[in-house]
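# Close look at the chain arrangement
Below are the chains, spelled out letter by letter.
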Amino acid sequence: MTDSFVFIVDDDQAFCGALGSLLRSVDLKVKCFSSPREFMLFPRPNIPSCLILDVRLKGMSGLEFQARLNELKDCIPVIIITAHGDIAMSVRAMRAGALNFLTKPFRDQDILDAVMEALEEDFRRRTREQCTIDLCERYKTLTSREQQVMAMATAGLMNKHIAGELDLSEFTVKIHRRSVMKKMQAKSFAELVRMAQALSLRWPS
Amino acid sequence: MVAIFITDALTSLDIAVAVLYILVIMIAMRSFSAYGIKFLSIVCACLTVIAFFISHDNLLCTAFARCLVSLIAIAIAAGLAIKTNKFSDQLQAHLKLLAQTHDAVIICTFDGSISGWNLGAQVLYGWNEDEVKKRNCWNLLNTRSALPLQTIKDELLINGCWEGELTETTRMGKEVIILSRWSLYNDHCGRPQAILACNNDITESRHAEEELHRSQTELAHVSRLTMLGELGTSIAHEVNQPLAAIITNAEAALRWLRRAKPDLNEVQIAMEQVSSNARRASEVIHRIRAWTRKSSPKYELLDIGVVLTESLTLLDREIYRHRINVNRSFEENSLYVLGDPVQLQQVVINLILNSIQSIESSSSHVRKIHVRARQSDEKIIVEIEDSGTGVDEENQSVLFDAFFTTKENGMGIGLCICRSIIEAHDGKIWTEGKEGRGAIFYFILPALK
């Protein structure tokens, strides 16, 4: 996964450097920050990335910063590291959505596995998000009548019921359905149902 | 007396026989009181007069003159006897009073032969006066001291007196610590005649002092450990951080080496980091060891600036954890004192920890500690100023007393130990500042030129 980025936020320069070197040795791109502020000010590229965050920081603590990221709906996967973690701290971090919680010093393989997992997770999330965006684009190309037909059909209504509801002929409904399948690029009706779910279409809306 | 009377009355010698009554008075002097002597002299005078009338018919002759001389002589002898008696009584009383003293008084010749030994000495050492007469004082008591005996004698010859501590052994074989004051008695030619030694047994008070000193050292150690406990988390972090860096760097270096095309430049950087972080960890350990070492004070040439810097380094984590701004107004390599670095560090750390706690409990939004050090004349003045709650004037005088505390779970020994350390360094420690406006703690130490 060469096209990815690992961010480290730790106020201990020496440790930052060490971790950076370790990650670079497996061909990962790394950027170190000594405070959350610096990290927030950095323009992140739109590629799979993850954040390695130390708990004990100057100013805002790592856990506080993690909560802040959640508030901002920043979905970057977070790996929490700490020199002396306890159960309460790890529970708090995991509940706040941390992908992993490692105690310094950790084994190189552990952090590398955690980073790889995080990057894959971010890659999947990005793919998922991209799909949804594409789907929305396609959905927008439907006419309002077609959107109605799609919602009703994927909700399980039969053609004659849809015709009845919309005061159309059954034949017209069939034409609309074919048009919907084509515009949404659905290969089967089952796929269209999944798309409707992804778009959270409901009927009656 | 009868013989004198008979001779006086029956013979008519041309001499004043009655003058011999003086002998009677002299003999009686020792055993008679003042009234007794007066009575005796009156009796003697009467006998003289009676004898005169018996042996002489002619009243106006040379014999009358002799009788008169006798009477006057008796009167003078009686007067002198009474006076001498009174004087010797006083002397006796004084001697008795002196004998009451608990001090052991020993009189000996300049080469140590004992000539006087009072009751106090008997009680202290166990020998009585007769047993020690003429024996050598210093051999008998096995006298030991930090100075050789000859040096003490030399000083005695120069100054006429000497005072110091000796260790001696009693008859029971018990060792006693003695505070001894010697004075030299010279004869009229200035030759040393005798030494008067006044000895006090200070064994118990010395042991009590040592015990006190020991328990204070213990207390200082306990308090140091308590502080260490408070700092424990910080220190664990201090050590763990470089260790984590070392491990990660080493693993990174291995990975750089294992690559298909090993990147030796990266390996070198990582290994340099390993070495510098190992040194960093070792420095932390070294500081902690110095800090926990339980040892008697060791005085050495110290730079106060370095002491302050090191203390602040130890407190780095605490300081930023409490988001406190520390200003430093001192220079290194200019303020030298003679002192124990660990103890002085303890004082500084204690004062700064107090400041941090004070700031923490104050409502002020200014969170500042100012550490200053400067030289003034022959003194070095260190000031630690904080923006905390301050000390009210009522408490300023008792602040340094043992077990005085304003903290909920304080023991009240921190500042007490600070004071004892500073005073042991010939310095002074005090505080100023009004309640609510922060406090300034000062301590001064003698500067080393």
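Residue positions are counted from 1 within each chain, in the order its sequence is given. The lettering of chains begins at A and the numbering of ligands begins at 1, in the order of writing. In keeping with the predicted nature of the model, local features appear solely for residues at pLDDT of at least 70, side-chain atom pairs appear and are counted solely at 80 or more, and the whole-chain, interface and lining totals rest on all residues. Hydrogens and water molecules were not included; the side-chain quantities draw on all heavy atoms of the structure.

Looking now at the overall build of chain A. The secondary structure content of chain A amounts to nine helices and five strands. Numbered from the N terminus, helices here are DSSP runs of H or I no shorter than four residues, and strands are runs of E no shorter than two. When the helices and strands of chain A are read in sequence order from the N terminus, they spell out β-α-β-α-β-α-β-α-β-α-α-α-α-α. With 205 residues in all, chain A has 45% of them scored as buried. We call two residues in contact when some of their heavy atoms are within 4.5 Å. For chain A, restricting intrachain contacts to residue pairs at least 6 apart in sequence, the fraction spanning at least 24 positions comes to 62%. With the model as given, the accessible surface of chain A reaches about 10,900 Å², and the carbon-plus-sulfur share is 53%. Under the scheme applied here, a residue whose accessible area is under 20% of the maximum for its type counts as buried, over 50% as exposed, and between as partly exposed, the area being computed with a 1.4 Å probe on protein chains only. Using a 1.4 Å probe, the Shrake-Rupley method yields the accessible areas, and only the shown protein chains count as cover for residues.

Another aspect to go through is the interface of chain A and chain B. Contact residues are listed per partner, giving 26 residues for chain A and 21 residues for chain B. Buried area is understood as the total, over both parts, of accessible area removed when two parts are fitted together, assessed with a 1.4 Å probe. For the pair chain A and chain B, the summed buried surface comes to about 2,100 Å²; carbon and sulfur atoms form 51% of the total. Of all residues in chain A, the largest losses of buried area upon contact with chain B belong to Ser25, Arg56 and Pro105 of chain A, amounting jointly to 26% of the total for that side. Salt-bridge detection follows one rule: a side-chain nitrogen of Lys or Arg within 4 Å of a carboxyl oxygen of Asp or Glu. Here chain A and chain B share four salt bridges between them. Residue Glu266 of chain B is joined to Arg24 of chain A by a salt bridge in which the shortest nitrogen-to-oxygen separation is 2.3 Å. Mapped by element, the contributors of at least two residues to the side of chain A that touches chain B are helix H1 (13–24) and helix H5 (108–140) of chain A. Split into classes, the residues belonging to the side of chain A that touches chain B amount to 11 nonpolar, four polar and 11 charged. Only Asp, Glu, Lys and Arg are considered charged, only Ala, Val, Leu, Ile, Met, Phe, Trp, Tyr, Cys and Pro nonpolar, and every remaining residue, Gly among them, polar.

This next bit is on the environment of Thr431 of chain B. All names here are of chain B. Secondary-structure assignment places Thr431 in strand S11 (residues 428–432). On the basis of relative accessibility, which here comes to 6%, the residue Thr431 falls in the buried class. Sequence-wise, Thr431 and Gly390 are 41 residues apart; in three dimensions their C-alpha atoms are separated by 9.6 Å. Ignoring sequence-local partners within four residues, the contact set of Thr431 consists of Val391, Gln396, Leu399, Phe400, Ala439, Ile440 and Phe441. We define a polar contact as two N or O atoms separated by no more than 3.5 Å, with the added condition that, inside protein, one atom must be a possible hydrogen donor and the other a possible acceptor, whereas residues neighbouring each other in sequence contribute only through side-chain atom pairs. At a separation of 3.1 Å, a polar atom in the side chain of Thr431 contacts the main-chain carbonyl oxygen of Ile440.

Let us now look at the sheet that holds strand S3 (residues 49–54) of chain A. Residues and elements named next belong to chain A. Following DSSP output, two strands are said to pair if at least two bridges run between them. Here we have five strands laid out as an open sheet, ordered S2-S1-S3-S4-S5, and parallel in their pairing. Each edge of the sheet is formed by a strand with only one pairing partner; in this case those strands are strand S2 (29–33) and strand S5 (100–103). Mean inter-strand twist for the sheet, computed between neighbouring axes without regard to direction, equals 20°. An axis is simply a line fitted to the C-alpha atoms; with a helix, the fit covers only the stretch in contact. Between two such axes, the angle follows the N-to-C directions and lies from 0 to 180 degrees. Against the sheet, helix H4 (residues 87–95) engages strand S4 (78–82) and S5, with an angle of about 150° to S5.

Given two aromatic rings, their pairing is described by the distance between the two centres and the angle made by the two planes. Under the pairing criterion, centres of Phe, Tyr and Trp rings, with the six-membered ring standing for Trp, must be within 6.5 Å; the plane angle then separates stacked pairs below 30 degrees from edge-to-face pairs above 60, leaving the rest tilted. According to the stated counting rule, one finds 12 aromatic pairs over all chains in the structure shown. Plain terms: the ring middles of Phe5 of chain A and Phe7 of chain A are 5.1 Å apart, the flat faces sit at 0° to each other, and that makes the pair stacked. Each member of the pair, Phe5 of chain A as well as Phe7 of chain A, is classed as buried. Seen from their ring centres, Trp162 of chain B and Trp182 of chain B are 5.4 Å apart, and the 70° between their planes marks the pair as edge-to-face. In this pair, Trp162 of chain B sits in strand S3 (residues 161–169) while Trp182 of chain B sits in strand S4 (residues 175–186), placing the two residues 20 residues apart along the sequence. The pair formed by Trp162 of chain B and Trp182 of chain B is uniform in burial state, with each residue classed as buried. Here Lys104 of chain A stacks its cationic end above the ring of Phe15 of chain A, 4.4 Å away from the centre of that ring. Directly above the ring of Phe189 of chain A sits Arg177 of chain A, whose terminal nitrogen or CZ lies 4.7 Å from the centroid. For a ring to carry a charge above it, either NZ of a lysine or CZ of an arginine must fall within 6 Å of the ring centroid while also lying within 35 degrees of the normal to the ring plane.

Here the focus is the side chain of Asp12 of chain A. If you trace the backbone, Asp12 of chain A turns up in the loop between strand S1 (5–9) and H1. Look at Asp12 of chain A and you get buried, because its relative accessible area is 7%. A polar contact is formed between the side chain of Asp12 of chain A and the backbone nitrogen of Ala14 of chain A, at a distance of 3.2 Å. The residues touching Asp12 of chain A, leaving out its near neighbours within four places in the chain, are Gln241 and Arg280 of chain B.

We now examine the nonpolar core. Within the largest apolar cluster, 42 residues are counted, with the highest numbers of intra-cluster contacts made by Ile304, Leu344, Ile352, Ile369 and Phe443 of chain B. Of all elements in the fold, only helix H11 (304–314), helix H13 (341–361), strand S9 (368–376), strand S10 (379–386), helix H15 (414–424) and strand S12 (440–446) of chain B reach the threshold of two or more residues within this core. Not counting residues up to four positions away in its chain, the partners in contact with Ile304 of chain B are Leu335, Val337, Leu344, Ala373, Ile380, Val382 and Leu445 of chain B. Note on terminology: a nonpolar core comprises buried Ala, Val, Leu, Ile, Met, Phe, Trp, Tyr and Cys residues joined through side-chain atoms within 4.5 Å. Counting residues in hydrophobic clusters, the runner-up holds 29 residues, among them Val6 and Ile8 of chain A together with Ala245 and Ala252 of chain B.

With that settled, consider helix H8 (residues 149–159) of chain B. Residue and element names in this part refer to chain B. Buried within H8 we find Ile152, Lys153 and Leu156. Seen end-on, H8 carries its buried residues on one side only, within an arc spanning 100°. Tucked inside the fold, the buried residues of H8 contact helix H7 (137–140), S3, S4 and strand S5 (192–201). Count one or two residues on from H8 and you reach Gly160, which has phi positive near 85°. Regarding the arc, it is the one traced by the directions from the helix axis to the C-beta atoms.

The next subject is the confidence of the model for chain B. Per-residue confidence for chain B averages 82 on the pLDDT scale, and 87% of its residues sit at or above 70. ipTM for the predicted complex: 0.70, alongside a pTM of 0.44. Residue-level confidence of the predictor is what pLDDT reports, using numbers from 0 through 100.

Patches draw on residues past 30% relative accessible area with no salt bridge. Two like charges within 9 Å are joined, as are two nonpolar side chains (Val, Leu, Ile, Met, Phe, Trp, Tyr) within 5 Å. A surface patch of nonpolar side chains, about 470 Å² in accessible area, is lined by Phe64, Leu68, Ile72, Ile76 and Leu80 of chain B. Its place among the elements puts Leu80 of chain B in helix H4 (residues 62–99).

Residues and elements named next belong to chain A. Multiply 1.5 Å by the residue count of a helix minus one, and that product is the helix's expected span. The end-to-end C-alpha distance of H1 is 16 Å, a good match for the 16 Å that 12 residues give at a rise of 1.5 Å each. Taken residue by residue, H1 has Ala14, Phe15, Cys16, Ala18, Leu19, Gly20, Ser21, Leu22 and Leu23 as its buried positions. With a side-chain oxygen lying 3.2 Å from the backbone nitrogen of Ala14, the N-terminal cap of H1 falls on Asp12.

All names here are of chain B. Taken in spatial order, the five strands line up as S7-S9-S10-S12-S11 in an open sheet, and their pairing is mixed. Edge positions in the open sheet fall to strand S7 (325–329) and S11, since each of these has one partner strand only. Each strand of the sheet is rotated relative to its neighbour by a mean of 15°, with strand direction disregarded. The sheet contact formed by S7 and S9 spans five bridges and is parallel. Paired with Val326 across the strands is Ile369, a residue of S9.

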